[in-house]
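# Chains, contacts and geometry: an overview
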Amino acid sequence: MSKKSSLGRGLDALLGKPQAEISSLTGVQTLRLDRIVQAAYQPRQVFAAEGLAELAQSIREKGVLQPLLVRPRGDAFEIVAGERRWRASQLAGLTELPVIIRDLADREALEIAIVENLQREDLGPLEEARAYQALLDHGLNQEGVAQAVGKGRSTVSNALRLLTLNDAALRALDSGEITASHARAILAQPAKDRDWALEQIVSRGLNVRDAEALKRETRAEKPAVHTPIAVNPPRTYRQLELDLSRRTGTRVRITGEEKGRVELNYGSREELDRILGLLGFAAEE
């Protein structure tokens, strides 16, 4: 079996046996709990206290039914898969745990840890995104990450986009105040409107559909106010403005009397070129 297919299918495939049969493997050993240490990188950051207490009670009654997967780390053994069981076993007062020891490289250990958590649906959206980023940091590209964890490339790409949220949105997503779908709706907004979108979603309790429909109304910019040199130009100049406007096909304004200025308005480069052509001037490129 290839490494890619093993990782894509998770811990069962890696060990080559269904998890229900792991206890019968000769590779299972017993280690003192104090020789087992946390992984240097654990994708899952949140372990609900209530869930750990329930698992601890189950362990007190039935023991640890599934060994931990660990790898050598100096005089200790680092957890690759099974940190939740390790934590609950401490609560249950155990002093020894069944383990399977494998000599795994850092990236392989990380891949297995991610797969196990994904299969159990234990990772929050940001934990998942950060786990994928860790694999990228270990030298994989997005396609490689997708193959390693058995996910589609678009799934990996969409997850990674969450890491581009601003700090306030990241905190809201981490705390569960907004969902990953809300977060994607925020990312669909122009960058300048994302803080506003987050505030709208949280303060109004918007569902995902309403969040996706958010559109910030922008006030029309006020036209620039030009202070004329003469507020009331002579009548002859007003008529001249009309004549020049007809000639050039654009609005013309004349300000001043003995001294002043003539203003011609244009709305595009093409219109400017047309006016210059009427004046007998060809702009240089």
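Residues numbered from 1 in each chain as written. Predicted model: local features only at pLDDT ≥ 70, side-chain atom pairs only at ≥ 80, totals over all residues. Heavy atoms only, no water.

As stated in UniProt under Sequence similarities (unreviewed entry), the record for the protein chain gives "Belongs to the ParB family." (UniProt positions renumbered as here; feature names shortened; annotations may be inferred.)

## Focus: the overall build of the protein chain
Of the regular secondary structure elements, the protein chain holds 14 helices and seven strands. Within the protein chain, residue pairs in contact and separated by at least 24 positions form 63% of the contacts whose partners lie at least 6 positions apart. Carbon and sulfur atoms make up 48% of the accessible area of the protein chain, which totals about 17400 Å². (Helix = DSSP H or I, 4+ residues; strand = E, 2+ residues; numbered from the N terminus. Contact = heavy atoms within 4.5 Å. Areas by Shrake-Rupley, 256 points an atom, 1.4 Å probe, with all protein chains shown as cover.)

## Here's the deal with the side chain of His182
Relative to the assigned elements, His182 resides in helix H10 (residues 180-187). Those residues in contact with His182, other than ones at most four positions away along the chain, are Ile201, Leu206, Asn207, Val208 and Ala211.

## Observations regarding the sheet that holds strand E3 (residues 68-73)
Taken in spatial order, the five strands of this open sheet run E1-E5-E3-E4-E2, and their pairing is mixed. Whereas interior strands pair on both sides, the edge strands pair on one side only; in this sheet they are strand E1 (28-32) and strand E2 (36-37). Note that E3 and strand E5 (residues 96-101) share three bridges and pair parallel. Each residue of the ladder has a partner; that of Leu69, found in E5, is Ile100. Contacting E2, E3, strand E4 (76-81) and E5, helix H4 (residues 83-92) runs over the sheet at an angle of about 120 degrees to E4. (Pairing = 2+ DSSP bridges. Axes fitted to C-alpha atoms, helices over the stretch in contact; angles between N-to-C directions.)

## Here we look at helix H3 (residues 49-62)
The first and last C-alpha atoms of H3 sit 20 Å apart over 14 residues, in line with the 20 Å expected at 1.5 Å per residue. Within the span of H3, buried status applies to Gly51, Leu52, Leu55, Ala56 and Ile59. Projected onto a plane normal to the axis of H3, the buried residues spread over an arc of 140 degrees and lie on a single side. Among the exposed residues of H3, those pointing more than 90 degrees away from its buried face are Glu50, Glu54 and Glu61. Buried residues along H3 sit against H4. In the segment just after H3, Gly63 is the residue with positive phi, at about 80 degrees. (Expected span 1.5 Å × (residues − 1). Buried < 20%, exposed > 50% of the residue type's maximum accessible area, 1.4 Å probe, protein only. Arc of directions from axis to C-beta.)

## Description of the nonpolar core
Grouped together as the largest cluster of nonpolar side chains are 20 residues, with contacts concentrated most on Leu162, Leu165, Leu173, Ile178, Ile186 and Ile201. Secondary-structure elements contributing two or more residues to this core are helix H9 (167-175), H10 and helix H11 (194-204). For this core, the element with the most residues is H10, which contributes five residues. Ignoring sequence-local partners within four residues, the contact set of Ile201 consists of Ile178, His182, Ile186, Leu206, Ala211 and Leu214. (Core = buried A, V, L, I, M, F, W, Y, C linked by side-chain atoms within 4.5 Å.)

## Comments concerning the packing of H10 against H11
Look at H10 against H11: their axes get within 9 Å of each other, and the N-to-C directions meet at 145 degrees. Both H10 and H11 take part in a crossing whose hand is right-handed. In this structure, H10 uses His182, Ile186 and Leu187 to contact H11, whose residues at the interface are Arg194, Ala197, Leu198 and Ile201. Within the contact of H10 with H11, the residues separate by chemical class into five nonpolar, one polar and one charged. (Left-handed = near helix turned anticlockwise from the far one by under 90°. Nonpolar A, V, L, I, M, F, W, Y, C, P; charged D, E, K, R; others polar.)

## Points about the pairing of strand E6 (residues 252-256)
Taking burial as the measure, the five residues of E6 include four buried ones, the bulk of the element. Where E6 hands over to strand E7 (residues 260-264), the hairpin turn is made up of three residues, counted between the paired strands.

## Topic: the packing of helix H6 (residues 125-137) against H9
Two numbers describe how H6 lies on H9: the axes approach to 8 Å, and their chain directions differ by 115 degrees. The orientation of H6 with respect to H9, classified from their angle, is roughly perpendicular. Here Pro125, Leu126 and Arg130 of H6 come into contact with H9, specifically with Leu170, Leu173 and Asp174. (Parallel < 35°, antiparallel > 145°, perpendicular 65-115°, else oblique.)

## Some remarks on the pairing of E7
As defined by bridge partners, E6 adjoins E7 across five bridges and the pair is classed as antiparallel. Within the sheet, the bridge partner assigned to Thr255 lies in E7 and is Arg261.

## So, the environment of Arg261
Tracing the backbone shows Arg261 in strand E7. In terms of polar contacts, Arg261 uses its side chain to reach the side chain of Glu263, at 2.8 Å. (Polar contact = N/O pair within 3.5 Å; in protein donor to acceptor, adjacent residues only side chain to side chain.)

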